[in-house]
Amino acid sequence: MPSAATIQTLTQLSYLIAAALFILGLKRMSSPVTAVSGVRWAGLGMLLATLVTLVFVGSSASAFNLALVVGAIALGGVIAWVSGKRVAMTDMPQMIALYNGMGGGAAAAIAAVELYGGNEHNVVHLTMATIGGFIGAVSFSGSLIAFAKLQGLITKSVRFSGQKFVNLGILLATAVLGFMVITGLHAGAPEVSAFFALALLLGVAMTLPIGGAMIIAGTVVGAAGTLLTQLMAKAMNRSLGNVLFSNFGESSSAAAGGVTGTQKAIEASDAGVMMAYSQKIIIVPGYGLAVAQAQHKVWELAQLLIDHGVKVRFAIHPVAGRMPGHMNVLLAEAGVPYDLISDLDEINAEFETADVALIIGANDVVNPDARTNKGSPIYGMPILSADKAKNVVVIKRGQGQGFSGIDNALFVLDQTRMLYGDAQAAVSQLIQAVKAAG
Ligand code: NAP
């Protein structure tokens with residue numbers, strides 16, 4: 001039997017290796033080429049951390065507690081496996097919101113055990129538990145609201161005047177209670193309960209007003225969610241404070257219905273001929289491409305055009321689709337080479353020299369109102385300048401609006417033609433048309 005000191009050293013060493021595996025995994029997840037192996041490395045880290053905790057630390061736990069832990073892991077594992085296998089690509093944001101929420105809930109639960117337990121703690125432990133409990137509780141309730149919105153269970157954003165002051169008031173009251181808990185000032189179970197109740201309320205209050213153009217998975221979720229939110233906020237040219245405290249995403253009916261003009265339809269056969277005789281085409285994928293699962297057909301079309309001598313590029317907006325990297329993942333799955341894919345900064349100047357901008361199921365990310373209409377909820381958000389192309393062909397099923405619920409001035413421009421239909425079917429027709437054009 002190894003000594004207690006040896007067990008302690010082995011445990012710490014294992015945690016260090018697990019942490020290194022997490023970091024390596026995260027690093028590899030940052031590129032679509034290495035993302036799958038990144039998930040595996042991080043999973044290995046989690047397995048190691050869990051096993052070590054069970055074997056070394058859990059050896060001193062009672063049989064009943066160990067059985068509870070193993071049972072919870074088995075149950076959670078089965079639920080995660082089944083839901084991970086079944087979830088549709090378009091429902092991934094909701095899934096991530098739920099996962100983030102569960103992570104926050106777990107952190108809050110651990111903190112609650114510490115704070116309710118009333119064990120002798122020094123101020124550092126109490127501070128860590130209080131901060132962890134706060135972030136966890138806010139994340140938990142905020143993520144559940146984000147989930148409900150993404151799933152369409154909550155369709156309205158709750159807003160009232162003075163809302164940001166109410167939110168600030170809840171934040172301050174939570175901070176006061178947290179301070180009392182840390183310093184031990186009248187900090188019994190009622191104060192701890194009030195602290196958690198207010199933190200949960202704050203998560204709800206912060207997430208409820210965010211709507212329209214932006215409610216993302218894990219909006220207020222600890223470090224991971226904050227990073228995601230910051231990425232989104234940057235992509236939409238908004239500050240984090242603006243997103244959380246200013247009812248961001250609200251669309252006025254004037255802005256939503258402000259576009260005048262008529263959309264002009266085009267047949268796939270005509271669009272195909274135009275594309276076959278183009279020199280340069282920029283393809284802009286959006287949420288509709290994900291819904292239709294059209295990525296393989298789109299790559300088939302692109303290859304055909306390349307064989308015709310057309311220069312083809314893919315332009316990806318950072319918030320296209322419903323989660324960061326959504327379009328990159330789909331195009332990578334279809335086998336589109338990375339050197340054909342450009343992000344907004346790289347490609348935007350090139351639209352002016354494109355013969356055709358082919359928009360496939362994208363809407364908000366190519367809405368020129370973001371540049372010109374100060375009343376628009378997406379005003380100021382950088383967009384892909386598809387409207388600068390000589391011709392624009394838009395594939396969508398009908399007159400449906402995008403996520404932000406506003407009309408799109410691009411669709412009524414002189415050089416724009418609408419190819420109505422499901423993205424996969426419409427792209428298949430384009431393939432036939434390009435082939436027929438010789
Ligand atoms: P979008 O603005 O939501 O527009 C998607 C368009 O696709 C719709 O107008 C719809 O029009 C069309 N469509 C739907 N199903 C289709 C199908 N089967 N075939 C063809 N077209 C179809 O999409 P986006 O331009 O990608 O912009 C993303 C939006 O989501 C932004 O507002 C962004 O802020 C928001 N958002 C992004 C994230 C993220 O992390 N990426 C997260 C949350 C929210 P029809 O109904 O007429 O077909």
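Since the model is a prediction, treat every value here as computed from it, not as a measurement. (Residues numbered from 1 in each chain as written. Predicted model: local features only at pLDDT ≥ 70, side-chain atom pairs only at ≥ 80, totals over all residues. Heavy atoms only, no water.)

Caption draft 1: How the structure looks around the overall build of the protein chain. In terms of regular secondary structure, the protein chain is built from 17 helices and 6 strands. The burial tally for the protein chain puts 43% of its 438 residues in the buried class. Intrachain contacts of the protein chain at a sequence separation of at least 6 include 76% that bridge at least 24 residues. (Helix = DSSP H or I, 4+ residues; strand = E, 2+ residues; numbered from the N terminus. Buried < 20%, exposed > 50% of the residue type's maximum accessible area, 1.4 Å probe, protein only. Contact = heavy atoms within 4.5 Å.)

Caption draft 2: Expanded view of a nonpolar patch on the surface. On the surface, a nonpolar cluster with roughly 450 Å² of combined accessible area is contributed by Leu 24, Trp 41, Leu 44, Leu 47 and Leu 51. With 4 residues, the top contributor of residues to the nonpolar patch is helix 2 (residues 35-57). Structurally, the position occupied by Leu 24 is in helix 1 (residues 4-29). (Patch = residues over 30% accessible without salt bridge, like charges linked within 9 Å, V, L, I, M, F, W, Y side chains within 5 Å. Areas by Shrake-Rupley, 256 points an atom, 1.4 Å probe, with all protein chains shown as cover. Salt bridge = Lys/Arg side-chain N within 4 Å of Asp/Glu carboxyl O.)

Caption draft 3: Region of interest: the packing of helix 4 (residues 92-117) against helix 5 (residues 123-150). Where helix 4 meets helix 5, the closest approach of the two axes is 7 Å, and the angle between their N-to-C directions is 150°. Considering the angle they form, helix 4 stands roughly antiparallel to helix 5. Helix 5 is crossed by helix 4, and the crossing has left-handed handedness. Its residues assigned to classes, the contact of helix 4 with helix 5 comprises 16 nonpolar, 11 polar and 1 charged. (Axes fitted to C-alpha atoms, helices over the stretch in contact; angles between N-to-C directions. Parallel < 35°, antiparallel > 145°, perpendicular 65-115°, else oblique. Left-handed = near helix turned anticlockwise from the far one by under 90°. Nonpolar A, V, L, I, M, F, W, Y, C, P; charged D, E, K, R; others polar.)

Caption draft 4: Local environment of the side chain of Asn 408. By the secondary structure assignment, Asn 408 is in the loop between strand 5 (391-396) and strand 6 (416-420). On the basis of relative accessibility, which here comes to 3%, the residue Asn 408 falls in the buried class. At a separation of 2.9 Å, a polar atom in the side chain of Asn 408 contacts the side chain of Asn 363. Here Asn 408 is in contact with Val 259, Asn 363, Val 366, Asn 367 and Pro 368, once residues within four sequence places are set aside. (Polar contact = N/O pair within 3.5 Å; in protein donor to acceptor, adjacent residues only side chain to side chain.)

Caption draft 5: Just the environment of Asp 422, in detail. On the secondary structure map, Asp 422 appears in the loop between strand 6 and helix 17 (423-436). It is 8.7 Å that separates the C-alpha atoms of Asp 422 and Leu 289, two residues lying 133 residues apart in sequence. Sequence-distant contacts of Asp 422, defined by excluding residues within four places in its chain, comprise Ala 292 and Arg 397.

Caption draft 6: Representation of helix 11 (residues 268-276) in the model. Listing the buried residues of helix 11 in full gives Ala 268, Ala 271, Gly 272, Met 275 and Ala 276. Seen along its axis, helix 11 keeps its buried residues to an arc of 135°; they face one direction. Elements in contact with the buried residues of helix 11: strand 1 (280-285), helix 13 (295-307), strand 4 (356-360), strand 5, strand 6 and helix 17. (Arc of directions from axis to C-beta.)

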